[in-house]
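Each chain, written out:
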Amino acid sequence: MTDTTRWGILATGKIAHSFATDLALVPGAELAAVGSRRQECAAAFARRHGAGTAHGSYEALVADPDVDVVYIATPHALHLDNARLAFAAGKHVLCEKPLTLNVADSEELVRLAGVHDRFLMEAMWTACHPVVRAVAAAVRSGRYGAPRQVHAELGFRVDAPPEDRMLNPDLGAGALLDMGIYPLTFAHLVLGPAEELRGTASLSPGGIDLDVVMTGRYAGGALATMSASMTSWSSRAAAVATDLGRIDLADFHHPEHAVFTPAAGGEPVRIEGTEPVLGQGYGNEIAEVGRCLAAGLRESPMVPHAQTLALMENMDDLRRQLGVRYAADDRAAGE
Ligand SMILES: NC(=O)c1ccc[n+]([C@@H]2O[C@H](COP(=O)([O-])OP(=O)(O)OC[C@H]3O[C@@H](n4cnc5c(N)ncnc54)[C@H](OP(=O)(O)O)[C@@H]3O)[C@@H](O)[C@H]2O)c1
């Protein structure tokens, strides 16, 4: 493999477009091909983003010899099968979040990556975001005191037809897996793995979690409150309260910087990333995948398999508490 990473994008929905837009900004990243269930969608996507080849099936995309790594941008419920397809064709995989619907399926993907000796990373771009990384590093350093409480929330009102992936349980609909994964990840990055999580939710008549609120306990007794909503416009703010002051992110989903305000007075400290944000931030995860592949790595230290699995396990635990179950859970349980 050369220093250029040749990408194949699998699916042509909303995030695939955002990803391709950022990919164009990343040095060493080339959009070699796109694959869609429909040839005309692949062709339109390829024209818009300058992809080398447009494939009318996912099978044709993963078989393309000009593709090194496949980016999977289908609804959650399809990630397992799509990633399996890519591994079987010998491709590396960057797969949208959540990696799968439950931890058993994620463990299966990690196993398959090992069997095929391929790179696998969940597209948890928050963990690759320069500002989030700077905040997590600053907290870990103890520079701004001991973290005692974290708060993070994310939500927007979903106006979509019932068959849309955001509302269709067969495709993995629900606020926790779609949005709650971000505040959970933020707390994990700042405080480490959760020791205990509690959740409560408002469910739709069909059993989808539309609104979810979570609390977590972490090492040293640090606590987090987190929420996600598909019915309301949350602030997207996050804060880390320490014994010396508070770090605020006005929008932790797309942060430009963070600010530490010391309780003892004095000037607030601006916390910036040590490298630029590439595009909307997807560019930084694209660069990270390129860096890992060039180094011959099979997982990213920024989004290690253990972190993905820990968060998937957290979400399984929370879903049991909320009463949210997918068909994949029955399959994993052998029912
Ligand atoms: N990282 C982020 O910031 C971010 C943001 C949004 C979403 N996501 C994740 O990305 C994934 C896709 O989200 P999205 O908002 O892009 O979804 P979307 O707009 O609904 O697009 C999903 C695409 O998947 C393909 N697909 C294959 N089988 C499908 C089926 N049965 N039903 C619907 N689509 C099917 C379609 O592409 P073709 O017709 O071309 O085959 C479709 O356009 C989700 O897992 C989501 O969690 C991540």
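Residues numbered from 1 in each chain as written. Predicted model: local features only at pLDDT ≥ 70, side-chain atom pairs only at ≥ 80, totals over all residues. Heavy atoms only, no water.

**As for empty space enclosed by the protein**
Thought 1: Taken as a whole, this structure holds one cavity of 30 Å³ or more when the rule is applied.
Thought 2: Its boundaries defined by the atoms lining it, the largest cavity holds a volume of some 40 Å³.
Thought 3: Taken together, Glu122, Met124, Ile181, Thr185, Val303, Gln307, Thr308 and Leu311 form the lining of the largest cavity.
Thought 4: Of all the secondary structure elements, the ones that give two or more residues to the lining of the largest cavity are helix H7 (175–191) and helix H9 (305–322).
Thought 5: Ranked by the residues each element gives to the lining of the largest cavity, the list is headed by H9, at three residues.
Thought 6: When grouped by side-chain class, the residues that make up the lining of the largest cavity number four nonpolar, three polar and one charged. (1 Å grid on protein atoms, 1.4 Å probe; cavity = no way out; pocket = protein on both sides within 12 Å on 5 of 7 lines; lining within 4 Å. Points joined across faces, edges and corners; volume = space filled by probe spheres on them. Helix = DSSP H or I, 4+ residues; strand = E, 2+ residues; numbered from the N terminus. Nonpolar A, V, L, I, M, F, W, Y, C, P; charged D, E, K, R; others polar.)

**A short note on the sheet that holds strand S14 (residues 269–271)**
Thought 1: One open sheet holds the eight strands; their spatial order is S8-S9-S10-S7-S11-S12-S13-S14, and the pairing between them is mixed. Each edge of the open sheet is held by one strand with a lone partner, namely strand S8 (196–203) and S14. Each adjacent strand pair in this sheet contributes to an overall mean axis angle of 15 degrees, direction not counted.
Thought 2: Helix-sheet contacts for helix H6 (residues 130–141) involve strand S7 (147–155), strand S11 (238–242), strand S12 (245–249), strand S13 (258–262) and S14, and the interaxial angle to S12 is about 165 degrees. (Pairing = 2+ DSSP bridges. Axes fitted to C-alpha atoms, helices over the stretch in contact; angles between N-to-C directions. Contact = heavy atoms within 4.5 Å.)

**Considerations on the packing of aromatic side chains**
Thought 1: Summed over all chains, the structure comprises six aromatic pairs.
Thought 2: Where Phe186 meets Phe252, the ring centres are 5.5 Å apart and the plane angle is 55 degrees; that geometry is what we call tilted. Taken together, the residues Phe186 in helix H7 and Phe252 in the loop between S12 and S13 connect sequence positions 66 residues apart.
Thought 3: Classification of Phe252 by relative accessible area gives buried; the value is 1%.
Thought 4: Aromatic rings pair up to connect Trp7, Phe19 and Tyr71 into one cluster. (Phe/Tyr/Trp six-rings, centres within 6.5 Å; stacked < 30°, edge-to-face > 60°. Buried < 20%, exposed > 50% of the residue type's maximum accessible area, 1.4 Å probe, protein only.)

**Overview of helix H2 (residues 39–49)**
For an α-helix, 3.6 residues make a turn, and residues three or four places apart therefore share a direction.
Thought 1: Listing the buried residues of H2 in full gives Ala42, Phe45, Ala46 and His49. Angular distribution of buried residues about the axis of H2 spans 100 degrees; they occupy a single face of the element. Turned more than 90 degrees off the buried face of H2, the exposed positions are Glu40, Arg47 and Arg48.
Thought 2: Next to the buried residues of H2 lie strand S1 (5–10), helix H1 (14–23), strand S2 (29–35) and strand S3 (53–55). (Arc of directions from axis to C-beta.)

**Overview of the environment of Pro255**
Thought 1: Structurally, Pro255 is set in the loop between S12 and S13.
Thought 2: Take Pro255: its relative accessible area is 4%, and that puts it in the buried class.
Thought 3: The spacing of Pro255 and Ala46 is 209 residues in sequence and 30 Å in space, taken between C-alpha atoms.

**A short note on unusual backbone geometry**
Thought 1: Here the residue pair Lys97 and Pro98 is connected by a cis peptide bond, since its omega of -15 degrees sits within 30 degrees of zero.
Thought 2: Tracing the sequence through the fold places Pro98 in the loop between strand S5 (92–95) and helix H5 (103–116).
Thought 3: Of note in this structure, Asp117 is not a glycine but carries a positive phi near 55 degrees.
Thought 4: Assignment of secondary structure puts Asp117 in the loop between H5 and strand S6 (120–122).
Thought 5: Positioned with a positive phi, Arg236 is a non-glycine residue whose angle comes to about 70 degrees.
Thought 6: By the element assignment, Arg236 lies in the loop between strand S10 (223–229) and S11.

**Comments concerning H9**
Thought 1: The terminal C-alpha atoms of H9 lie 25 Å apart, and with 18 residues this matches the ideal 26 Å at 1.5 Å per residue to within 8%.
Thought 2: Residues of H9 that are buried: His305, Gln307, Thr308, Leu309, Leu311, Met312, Asn314, Met315, Asp316, Leu318, Arg319 and Leu322.
Thought 3: Of the surrounding elements, those touching the buried residues of H9 are H5, S6, H7, S8, strand S9 (209–217) and helix H10 (327–332).
Thought 4: Just downstream of H9, Gly323 is the residue with a positive phi angle, here 80 degrees. (Expected span 1.5 Å × (residues − 1).)

It is worth stressing that arrangement in space is one thing and function is another; only the former is reported here.
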